[in-house]
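Here is how the chains run, residue by residue.
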Amino acid sequence: MNDTLDTLENVTYDELNEGDTATFTRTLTEDDLYLFAAVSGDVNPVHLDAEFAANTMFKERIAHGMWSGSLVSAALATVMPGPGTIYLEQNLAFKRPVKLDDTITVKLQVLRKEPKNRVVVECDVRNQNDQQVVVGEAKVIAPKDKVKLNKPNLPEITIDR
């Protein structure tokens with residue numbers, strides 16, 4: 001399962017099996033940095049100010065850690081289990097920074113199914129060099145009912161810097 005289609009189709013609790021996998025991929029753009037800062041309120045200069053970031057341990061601007069976390073959320077919500085999924089818990093360990101133009105792939109793997117439609121999912125997030133940037137586990141309530149719908153059209157957003 002992956003995120004390349006124009007439709008969203010969930011995988012119901014009954015359809016999920018231990019070991020099932022899915023992926024979700026995004027590339028970090030400068031606009032993503034500014035949009036995430038604007039939406040979250042996290043304006044740490046390590047994300048937005050190249051001069052400031054050059055004097056940090058990273059030597060350049062990096063993504064907000066939760067930008068990577070939001071990709072995990074997107075993968076769970078749109079790919080597996082998909083539409084209708086309810087997020088209950090998440091733990092994340094940040095292993096290395098995500099930098100501008102990095103292409104990040106979230107790989108989800110069903111670890112186990114629990115009562116009441118609960119599913120525990122391993123979350124392995126890697127960059128284009130197959131380096132792990134984030135690892136963790138999520139617990140969700142998987143949907144009971146099958147859904148297939150078109151991805152919504154999002155509004156065009158213009159950023160003035």
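Look a little higher up for the structure.
Description of the structure in this document. (Residues numbered from 1 in each chain as written. Predicted model: local features only at pLDDT ≥ 70, side-chain atom pairs only at ≥ 80, totals over all residues. Heavy atoms only, no water.)

By way of backbone hydrogen bonds, the strands of a sheet pair with one another, either parallel or antiparallel. Strands sit in the order E2-E4-E5-E6-E3 across an open sheet of 5 strands; the sheet is antiparallel. Each edge of the open sheet is held by one strand with a lone partner, namely strand E2 (21–27) and strand E3 (86–94). With direction set aside, neighbouring strand axes in the sheet form an average angle of 20°. Sheet topology note: the strand E5 (residues 118–126)/strand E6 (residues 132–141) ladder contains 9 bridges and is antiparallel. Among the inter-strand pairings, Glu122 is bridged to a residue of E6, identified as Glu137. Helix H4 (residues 65–78) rests against E2, E3, strand E4 (103–114), E5 and E6 of the sheet, and its axis sits at about 145° to E3. (Pairing = 2+ DSSP bridges. Helix = DSSP H or I, 4+ residues; strand = E, 2+ residues; numbered from the N terminus. Axes fitted to C-alpha atoms, helices over the stretch in contact; angles between N-to-C directions. Contact = heavy atoms within 4.5 Å.)

Bringing the side chain of Thr85 into the picture now. Positionally, Thr85 belongs in the loop between H4 and E3. At 2.6 Å, the side chain of Thr85 and the backbone oxygen of Gly82 are in polar contact. Look past the residues within four positions of Thr85 in its chain and what remains in contact with it is Leu76, Val140, Ile141 and Pro143. (Polar contact = N/O pair within 3.5 Å; in protein donor to acceptor, adjacent residues only side chain to side chain.)

Right, let's get into unusual backbone geometry. That bond from Met80 to Pro81 is cis: its omega, 0°, falls within 30 degrees of zero. Within the secondary structure, Pro81 is located in the loop between H4 and E3. Although it is not a glycine, Lys116 sits at a positive phi angle of roughly 60°. Its location among the elements puts Lys116 in the loop between E4 and E5. The phi angle at Asp130 is positive, at roughly 60°, despite the residue not being glycine. Tracing the backbone through its elements, the reader meets Asp130 in the loop between E5 and E6.

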